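Summary of structural features
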Amino acid sequence: MHIAITGNIGAGKTTLAEQLAAHYGWEVLYEAVEGNPYLADFYDDMPRWSFNLQIYFLNSRFAQVKKIMDIQQANRVASHPKTVVQDRTIYEDAAIFARNLYQNASMTERDYDTYQHLFANMMSLVRPPDLMIYLRASLPKLREQIQKRGRSYEQRISDEYLTSLNQLYEEFVASYQFGPVLVLDVNALDYANKPTDFKYVLDQIDAQLKI
Ligand SMILES: Nc1ncnc2c1ncn2[C@@H]1O[C@H](COP(=O)(O)OP(=O)(O)OP(=O)(O)O)[C@@H](O)[C@H]1O
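Residues numbered from 1 in each chain as written. Predicted model: local features only at pLDDT ≥ 70, side-chain atom pairs only at ≥ 80, totals over all residues.

Section: the overall build of the chain
- For the chain, the count of helices and strands is eight helices and five strands.
- When the helices and strands of the chain are read in sequence order from the N terminus, they spell out β-α-β-α-α-β-α-α-β-α-α-β-α.
- For the chain, whose C-alpha radius of gyration is 17 Å, the value lies close to the compact-globule estimate of 17 Å for 211 residues.
- Dimensions of the chain, computed from the C-alpha atoms along their principal axes, are close to 50 × 40 × 30 Å.
- In the chain, which comprises 211 residues, the share counted as buried stands at 27%.
- Taking contacts inside the chain between residues at least 6 apart in sequence as the whole, the part at least 24 apart equals 77%. (Helix = DSSP H or I, 4+ residues; strand = E, 2+ residues; numbered from the N terminus. Rg over C-alpha atoms; globule rule 2.2 N^0.38 Å. Buried ≥ 20, exposed ≤ 12 C-beta atoms within 10 Å, placed from the backbone. Contact = placed C-beta atoms within 7 Å.)

Some points on the environment of Q116
- Inspection of the secondary structure puts Q116 in helix 5 (residues 109-123).
- Take Q116: there are 14 C-beta atoms within 10 Å of it, and that puts it in the partly exposed class.
- Sequence spacing of Q116 and E92 is 24 residues, and the spatial spacing of their C-alpha atoms is 13 Å.

Considerations on the site of the ligand
- Neighbouring the ligand are 16 residues, the closest being I9, K13, T14, E31 and F97.
- Elements with a contribution of two residues or more to the shell around the ligand: helix 1 (13-24), helix 3 (46-75) and helix 4 (90-103).
- Examining the composition of the shell around the ligand, we find that three residues originate from one element, helix 3, more than from any other.
- For the shell around the ligand, a count of residues per class yields seven nonpolar, five polar and four charged. (Near = placed C-beta within 6 Å. Nonpolar A, V, L, I, M, F, W, Y, C, P; charged D, E, K, R; others polar.)

Details of the UniProt feature "active site" (unreviewed entry) in the chain
- As recorded in UniProt, the feature "active site" (unreviewed entry) lies at D87.
- Summarising the element assignment, D87 is placed in strand 3 (residues 84-87).
- Sequence-distant contacts of D87, that is, excluding residues within four places in its chain, are made with I5, K13, T14, A17, V28, L29, Y30 and E31. (UniProt positions renumbered as here; feature names shortened; annotations may be inferred.)

Describing unusual backbone geometry
- Its identity as a non-glycine residue notwithstanding, R88 has a phi of 80 degrees, on the positive side.
- At A105, a position not held by glycine, the phi torsion is positive, near 65 degrees.
- With respect to the helices, strands and loops of the structure, A105 is situated in the loop between helix 4 and helix 5.
- Residue class for A105 comes out exposed when judged on the 11 C-beta atoms lying within 10 Å of it.

Some remarks on the packing of helix 3 against helix 5
- Contact geometry for helix 3 and helix 5: axes closest at 11 Å, N-to-C directions at 5 degrees. Viewed along their axes, helix 3 and helix 5 adopt a mutual orientation that is roughly parallel. Residues F51, Q54, L58 and F62 of helix 3 lie in contact with helix 5, whose contacting residues are D111, Y115, L118, F119 and M122.
- Taken together, the residues of the contact of helix 3 with helix 5 sort by class into seven nonpolar, one polar and one charged. (Axes fitted to C-alpha atoms, helices over the stretch in contact; angles between N-to-C directions. Parallel < 35°, antiparallel > 145°, perpendicular 65-115°, else oblique.)

Let's talk about the UniProt feature "binding site: ATP" (unreviewed entry) in the chain
- Under the UniProt annotation, "binding site: ATP" (unreviewed entry) lies at G7, N8, I9, G10, A11, G12, K13, T14 and T15.
- Structurally, A11 can be placed in the loop between strand 1 (2-7) and helix 1.
- Under the C-beta neighbour-count criterion, A11 is labelled buried, with 24 such atoms within 10 Å.
- Within the fold, G12 resides in the loop between strand 1 and helix 1.
- Residues contacting G12, with those up to four places away along its chain left out, are L135, Q145 and V186.

Have a look at this one:
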């Protein structure tokens, strides 16, 4: 099975992925942050680095797509099939991050067209997750968590950037039709510190997956 966690910067995807993996014995597929050669430069100068960064993320996310395909192939004959939990999906790169950069004029039209054509080619191989978990978080909550995590280059992210990503996330989730979506309001949930909140999340997931 393939579970994906989707949500804005600092929404708490990695924490939840790790908690779910520990609880259910799932394998986590992380987003490549350490060693990303563009991210810090990108936050300094988005127009200069937007295309480079988007190609980097698209490629690393496509590597995950292939890995998930390999696991699903192996699962067909395995006595103990694996479940993977993915920290952010390839859909978000295109529908949210790249689109936002184009809309705020940080990516040129020709670069955006090239990106979209590459993405469309890759999409022919992408299979949607069995469950998408959307972590909905307000701007103050995102800010609080970004600050707590303390990556220096992320402290430069503007409210405007986070707000427009949040709008695109809402549009993406409202129009997503590839499978079930579980929406969790992380403003009202502290699953990292409160066992009752984590139990609530598990109950919601169990009900969706019927386990
Ligand atoms: N396609 C993309 N375009 C621009 N920035 C991206 C893209 N994908 C990821 N990022 C950035 O890379 C970094 C990823 O960090 P990380 O994996 O910790 O995720 P996160 O979005 O902060 O999640 P969370 O706090 O919910 O675990 C963030 O700064 C994020 O915004």
